[in-house]
Amino acid sequence: MTHEEILKGLYDNTLIGNAPEVKDLTNAGLAEGLEPESMLYDALIPSLEEVGARFERGDFFVPEMLIAARAMQGALDILRPLLAETGAQQVGTYVMGTVKGDVHDIGKNLVNIMLEGAGFTVHDLGVNVAPEKFIDAINEHKPDIVGFSAFLTTTMPMFKANINALEKAGIRDDVIVMVGGAPVTQEYADRVGADGYAADASTAVRLAKELIARRRSAVPA
Ligand code: B1M
């Protein structure tokens, strides 16, 4: 199979949620020397974008979105160690979760993989994470950064609720707050008082490093 055929197969089979075929094609891609990043950004993510577009048009329903997501997760399980394999030095600690009311996790998981690859220790709290759970995890792990993911316009207000909870617990200034997720914008992040926003996983990693460096240089030795 050519690289183009594998990428097209990954796109088409993710779209219809054919998880076994997506797994086989991911393995075939690796065997044929395709870059993991290429499979991700040239096939798997565009396919999920098309799933979302079809859902919006009413051509797909929740079950179709779910099986497409499962097919994507299968590929991510195979690609995860390769995407994270950089041998980078430990650069910081990150607590991450999808906010309360929201069960989307593929984008969050991808950010986690890239953070781990860049040398972060990541404590992933999963999905539908209540503010108290973020606070407990911050108290336990003392991270440099806490990351809130939201993928629905109806769950984005949880950013503010989480930040309010951090303030109430007296730990807002102890941690950098980053936010992200498909509907989030820089303007929204600024409005809720987050310290950083990134539109995708690689920008999230770059920004996380920058924010930590800025904070460390601001603290007197
Ligand atoms: Co849902 N869903 N979904 N869904 N779903 C969306 C998000 C939607 C945009 C589809 C659409 O209408 N076009 C839409 C939201 C509309 C809106 O609010 N604006 C939507 C809806 C409406 C819903 C339901 C309400 C449907 C229903 O029940 N009627 C429901 C809600 C459930 C809930 O959470 N309470 C629902 C359910 C689901 C499934 C469970 C079926 C499934 C999720 C499975 C899973 O995640 N395990 C699902 C899926 C698969 C999608 C789409 C198709 C794909 C999401 C995805 O994984 N994208 C999605 C359409 C779309 O996004 N185009 C959609 C790929 C992923 C790599 O990208 O998530 O953007 P993304 O992550 C990026 C960046 O956002 C960023 O980096 C990531 C990697 O580059 N990023 C961060 C993420 N977190 C970050 C954190 C950071 C920084 C960057 O710092 C902390």
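Residue positions are counted from 1 within each chain, in the order its sequence is given. Since the coordinates come from a predicted model, pLDDT governs what is reported: local features require at least 70, and pairs of side-chain atoms require 80 or more to be given and counted, while whole-chain, interface and lining totals use all residues. Computation of side-chain values covers all heavy atoms of the structure but excludes hydrogens and water.

1. Details of the domain arrangement of the chain
- The assigned domain composition of the chain is domain 1 (3-85) and domain 2 (92-218).
- A domain assignment, automatic or from a database, supplies the domain bounds used here. Here the C-alpha centroids of domain 1 and domain 2 sit 26 Å apart.
- Whether two residues are in contact is decided by their heavy atoms, any of which lying within 4.5 Å being enough. With 11 residues of domain 1 at the contact, the number on the domain 2 side is 9 residues.
- Two parts placed together each lose some accessible area under a 1.4 Å probe, and adding up what both lose gives the buried area. Of all residues in domain 1, Q73, R80 and A84 give up the largest surface area on contact with domain 2, accounting jointly for 45% of the area buried on that side.
- For the purposes of this entry, the term helix denotes a DSSP run of H or I that reaches at least four residues, the term strand denotes a run of E that reaches at least two, and both are numbered from the N terminus. Broken down by secondary-structure element, the contributors of at least two residues to the side of domain 1 that touches domain 2 are α3 (36-57) and α4 (62-83).
- By residue number, the principal contributor to the side of domain 1 that touches domain 2 is α4, which donates 6 residues.
- Residue composition of the side of domain 1 that touches domain 2, by class: 9 nonpolar, 1 polar and 1 charged. Amino acid classes used here: Ala, Val, Leu, Ile, Met, Phe, Trp, Tyr, Cys and Pro are nonpolar; Asp, Glu, Lys and Arg are charged; the rest, including Gly, are polar.

2. Re α4
- Working definition for bend: take the seven residues up to and ending at a residue and the seven starting at it, fit an axis to each, and measure the angle between the axes. Taking the largest bend as the criterion, α4 deviates by roughly 35°, centred on D77, and proline P81 comes between one and four positions later.
- Accessible area is worked out with a 1.4 Å probe on protein chains only. A residue is then buried under 20% of its type maximum, exposed over 50%, and partly exposed in between. When we look at burial in α4, the residues that qualify are A68, A69, A71, M72, G74, A75, L76, I78, L79 and L83.
- Looking at the packing, one finds that the buried side of α4 touches α1 (3-15), α2 (19-31), α3 and α5 (106-117).

3. Some points on the sheet that holds strand β4 (residues 176-180)
- An order of β2-β1-β3-β4-β5 is seen for the 5 strands of this open sheet, with the pairing classed as parallel. Looking at which strands have only one partner, the edges of the open sheet turn out to be β2 (120-124) and β5 (196-197).
- With 5 bridges joining them, strand β1 (residues 92-98) and β2 adopt parallel strand pairing. Counterpart to V95 in the pairing with β2 is H123. The criterion for strand pairing is that DSSP finds at least two bridges linking the strands in question.

4. Quick notes on the pairing of β1
- Across the 7 residues that make up β1, a large majority, 7, are buried.
- Along β1, one buried face is formed by G92, Y94, M96 and T98 and the opposite face, lined by T93, V95 and G97, is buried too.
- For the crossover from β1 across α5 to β2, the handedness is right-handed.
- The sheet contact formed by β1 and strand β3 (residues 145-149) spans 5 bridges and is parallel. Of the residues in β3, the one forming a bridge with V95 is V146. Here, the term right-handed applies to a crossover whose path from the first strand over the helix to the second runs clockwise when the strands point away from the viewer.

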